[in-house]
Amino acid sequence: VIGKGGLQPLIGLVQLRDARVQRIAAAALWYFSSNKDHKVTFAQEGGLRAMIALAREEDRELQVFGTGALRHLSLNTRVKRPMVEEGGLGPLFECSMVQPIDVDLLMQCAGTFGNLAENPQNQIQLVRDGACRPLCRLAFVEHEAIQQDASRAFCSISANAENQVGIFGPDERRALFHLAGSKE
C-alpha cells in the first residue's frame with residue numbers, strides 16, 4: 001500500500017474531523033508503520049508528521065495509535081533523529097503524564113523513549129527538552145514493560161558523556177532506585 005501511493009489518502013483521512021473515520025485510518029497507519037521495509041518512506045512522505053499530530057489529539061484512542069506508530073517508526077535508525085527534529089518529543093511528554101493512567105498509551109510512550117534514546121544526539125536533546133520528568137513518572141508505573149523501557153531510556157541517556165554530570169536530581173535518583181529494586 002505504501003509503495004503504491006496509499007499513504008497520502010490515509011493521512012488525509014486522519015485529518016478529517018470525523019472520529020470514526022479518523023480511528024479507522026489511524027489504525028491502518030499504525031499497522032503500516034510496523035512494516036520494516038517502509039518505515040523510512042512512511043516517515044518521509046508525511047506519515048511521521050501525521051503520527052505526531054495524532055499523538056497530540058485529545059481522543060485517547062487516536063493518541064494510542066499515534067504514539068504506537070511513533071514507537072514502530074522509532075525502531076528504525078534513520079527515523080530516530082528526524083522524529084525528534086519534527087517535534088515528536090512534546091506529545092510523548094504530554095501523553096506520558098496522562099491521568100488516569102492508560103497502560104497502553106504509557107507502553108507506547110516508554111517504548112518510544114527507549115528507542116529514541118539509542119541515538120547519541122537524541123540522548124542530549126531528551127535531557128535538554130525535559131524527558132527526565134516523564135521518565136520518572138513512567139518508572140513508577142507498576143508495569144513490567146513500561147519500567148523496562150524507562151530503564152532502557154535512562155541507561156542510554158546516562159551513557160552519553162554530556163549527560164553524566166549534574167543531570168540527575170533527587171527525583172531521577174529516586175526513580176532509578178525504584179527501577180533497580182523492581183522484579184525485572
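I will try to describe carefully the structure that is included in this document. This is a predicted model, so every value here is computed, not measured.

Some remarks on the nonpolar core
Logical step 1: With 52 residues, the main nonpolar core has L29, M51, L70, F113, L135 and L138 as its most contacted residues.
Logical step 2: Looking at this core element by element, the count peaks at nine residues for helix α3 (residues 39–56).
Logical step 3: Setting aside residues no more than four positions away along its own chain, L70 makes contact with L48, M51, I52, A55, M83, L92 and T112.

Comments concerning the environment of G5
Logical step 1: Within the fold, G5 resides in the segment before α1 (7–14).
Logical step 2: With 155 residues separating them along the chain, G5 and N160 place their C-alpha atoms 40 Å apart.

Details of the packing of aromatic side chains
Logical step 1: In this structure the tally under the stated criterion is four aromatic pairs.
Logical step 2: Ring geometry for W30 versus F65: centroids 6.3 Å apart, planes at 55°, classification tilted. One end of the pair, W30, is in helix α2 (residues 19–33); the other, F65, is in helix α4 (residues 60–73), with 35 residues separating them in the sequence.
Logical step 3: Taking relative accessible area as the criterion, W30 reaches 32% and is therefore assigned partly exposed.

Looking at the environment of T67
Logical step 1: Structurally, T67 is set in helix α4.
Logical step 2: Setting aside anything within four residues of it in sequence, one finds T67 in contact with A55, L92, C95, L105, Q108, C109 and T112.
Logical step 3: Within the local environment of T67, its side chain forms a polar contact with the backbone oxygen of V64, the two atoms lying 3.3 Å apart.

Some points on the side chain of R137
Logical step 1: Tracing the backbone shows R137 in helix α9 (residues 132–139).
Logical step 2: In this structure, R137 is buried with no salt-bridge partner, the nearest side chain bearing the opposite charge being D102 at 10 Å.
Logical step 3: Among the polar contacts listed, one links the side chain of R137 to the backbone oxygen of S96, at a separation of 2.5 Å.

What counts, and at which threshold
- Residues numbered from 1 in each chain as written.
- Predicted model: local features only at pLDDT ≥ 70, side-chain atom pairs only at ≥ 80, totals over all residues.
- Heavy atoms only, no water.
- Core = buried A, V, L, I, M, F, W, Y, C linked by side-chain atoms within 4.5 Å.
- Buried < 20%, exposed > 50% of the residue type's maximum accessible area, 1.4 Å probe, protein only.
- Helix = DSSP H or I, 4+ residues; strand = E, 2+ residues; numbered from the N terminus.
- Contact = heavy atoms within 4.5 Å.
- Phe/Tyr/Trp six-rings, centres within 6.5 Å; stacked < 30°, edge-to-face > 60°.
- Polar contact = N/O pair within 3.5 Å; in protein donor to acceptor, adjacent residues only side chain to side chain.
- Lys, Arg positive; Asp, Glu negative; His and termini not counted.
- Salt bridge = Lys/Arg side-chain N within 4 Å of Asp/Glu carboxyl O.

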